[in-house]
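Structural overview for review
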Amino acid sequence: MKLDHDSEKMFPMFDEVGSPFWEKRGVSRRDFMKFCATMTAALSLPAAMIPKVAEALESDGRPSVIWLEFQSCTGDTEALLRASSPTVAEIVLDVLSLDYSETIMAAAGHLAEEARGKILKERAGKYIVVVEGSIPIGENSAYCCIGGRSALEIARELCSNALATIAVGTCASYGGLPAAAPNPTGAVGVGEAVPGITLVNLPGCPVNTDNLVATIVHFLTFGRLPAVDGKGRPLFAYGKKIHDNCERRSHFDAGQYVEAWGDQGHRKGHCLYKMGCKGPATFHNCPIQKYNEKTGWPVGSGHGCVGCSEPAFWDSMSPFYRRLPNVPGFGIEATADKIGLGLVAAAAAGFGIHGALNALRKDKEPEDSTREG
Ligand code: SF4
């Protein structure tokens, strides 16, 4: 779907004296270009595209955004608001016109409802909907109502008339935690509740704000949503398994596992596979983008991945501390056990001779809690 820039000239990106919007926010040209470079890299685009991204962000036209919140913990809104880098937060809020958000807008009650109705009436087909939280369709959609209307009714009306819909977080993408068995409210994701719309899913608990911003930047730059996988997730962010980019991967390959919380392997940053890490079965760019201004992510902090960006993760990935029984095509379980038993020949087939020998050598070494890794 193409973005009609001419019809989107609702808010100028330059003020009356010609200053770019980011300058008014106290953001330097250098920081603005750095932001554009970061977004270009996040989208896996060549560096030659940086000027095009900058041009798109500086052009006139700020898409109106309606942020809907249904069955959720508000973690995705929190993730956006807590982005402490002023560059990211301020650029995003200036690039977009966040015209409706139940959680953070000043208006309430009838005034809020009127604001949403006005956008629908005056900008039909020209706004973007961001949905946070699952949509309950059980019991005639009675479990989540806003202003006397059900979440399903609101989502159908607004998403069907939108330029595009972005489902943020796992609940909005696939139902998430509210959809865990026995799913008492009949919670589903946006795609199931409102089929046939232009939709991209950004699952995760919470959504990674960098991925949300990059998706919007892609839309502004190219006039269409990024390419997605079979689960509606953009390939730039969900094209690879966590295991493929994990900082502990070398320990996995070397047969160095955490065997118990707080053991020597845990203190040394060894692989968390045996502690239940679901990284080998989870597609997400957590190891690259990380969270909290790129300072950390679960596996980096010593906890295994729980697979939160996969559909039905609460049911299919739990118990969270039980190791994956098998990874198709990889034989991970058998290989890990064989290394533990010191079966060098068998392990070598999976990890390479070097890693298997290291693992066997480690098995023979006494634990030395005083030695640094
Ligand atoms: Fe990283 Fe988990 Fe894979 Fe180990 S199993 S390398 S901790 S993703």
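Everything below is about the structure shown above.
Before going further, it helps to spend a moment on the environment of L152. Mapped onto the secondary structure, L152 falls in helix α7 (residues 151-160). Residue classification places L152 among the buried residues on the basis of a relative accessible area of 10%. With 38 residues separating them in the primary sequence, L152 and V190 have C-alpha atoms 9.0 Å apart.

With that settled, consider the side chain of E132. With respect to the helices and strands, the residue E132 is situated in strand β3 (residues 127-132). Residue E132 is classed as buried on the basis of its relative accessible area of 0%. Side chain to side chain, E132 and W67 meet in a polar contact 2.9 Å long. Separated by 3.5 Å, the side chain of E132 and the backbone nitrogen of G75 make a polar contact. The residues contacting E132, other than those within four sequence positions of it, are W67, L68, E69, F70, S72, T74, G75, D76, T77, V168 and A172.

A word on the pattern of salt bridges. Counted by the stated rule, this structure contains twelve salt bridges. With a shortest N-O distance of 3.1 Å, K231 and E310 are connected by a salt bridge. In this pair, K231 is assigned in the loop between α10 (209-222) and α11 (235-238) and E310 in the loop between α15 (286-289) and α16 (313-316), connecting sequence segments 79 residues apart. Its salt-bridge partner being K274, residue E259 comes within 3.3 Å of it at the nearest N-O pair. Of this pair, E259 sits in the loop between α13 (249-253) and α14 (264-268) while K274 sits in the loop between α14 and α15; the two residues are 15 residues apart in sequence, bridging distant segments of the chain. Overall, E259 belongs to the partly exposed group, its relative accessible area being 47%. In the salt-bridge network here, residues are joined through shared partners; they are D229, K231, R233 and E310.

C36, L57, I166, V168, L202, L212 and V217 are the most contacted members of the largest nonpolar core, which has 35 residues in total. The contacts of L212, once residues within four sequence positions are left out, are W67, I166, V168 and L202. Judged by nonpolar contacts, the second largest core, of 28 residues, contains V131, A151, L152 and A155.

Here we take up the sheet that holds strand β1 (residues 64-69). By way of backbone hydrogen bonds, the strands of a sheet pair with one another, either parallel or antiparallel. Taken in spatial order, the five strands line up as β2-β1-β3-β7-β9 in an open sheet, and their pairing is parallel. Looking at the sheet topology across the chains shown, the edges are occupied by β2 (97-101) and β9 (199-202). Each neighbouring strand pair of the sheet contributes to a mean axis angle of 20°, computed without reference to strand direction. Bridge count between β3 and strand β7 (residues 164-168): five bridges; the pairing is parallel.

Surrounding the ligand, one finds 13 residues, the nearest of these being H243, C246, C271, L272 and C277. Of all the elements in the fold, those that place two or more residues in the shell around the ligand are α12 (242-245) and α13. Partitioning the shell around the ligand into residue classes produces nine nonpolar, two polar and two charged.

On to the environment of A115, then. Position of A115 relative to the elements: it lies in helix α6 (residues 109-122). By relative accessible area, A115 is classed as partly exposed at 25%. A C-alpha to C-alpha distance of 7.8 Å links A115 and D99, two positions 16 residues apart in sequence.

Burial of β3 is extensive: six of the six residues sit out of reach of the surface. Along β3, one buried face is formed by Y127, V129 and V131 and the opposite face, lined by I128, V130 and E132, is buried too. Of the strand pairs in this sheet, β1 and β3 are connected by six bridges, and their pairing is parallel. Its bridge partner being in β3, E69 is matched across the sheet by E132.

What counts, and at which threshold
Residues numbered from 1 in each chain as written. Predicted model: local features only at pLDDT ≥ 70, side-chain atom pairs only at ≥ 80, totals over all residues. Heavy atoms only, no water. Helix = DSSP H or I, 4+ residues; strand = E, 2+ residues; numbered from the N terminus. Buried < 20%, exposed > 50% of the residue type's maximum accessible area, 1.4 Å probe, protein only. Polar contact = N/O pair within 3.5 Å; in protein donor to acceptor, adjacent residues only side chain to side chain. Contact = heavy atoms within 4.5 Å. Salt bridge = Lys/Arg side-chain N within 4 Å of Asp/Glu carboxyl O. Core = buried A, V, L, I, M, F, W, Y, C linked by side-chain atoms within 4.5 Å. Pairing = 2+ DSSP bridges. Axes fitted to C-alpha atoms, helices over the stretch in contact; angles between N-to-C directions. Near = heavy atom within 4 Å. Nonpolar A, V, L, I, M, F, W, Y, C, P; charged D, E, K, R; others polar.

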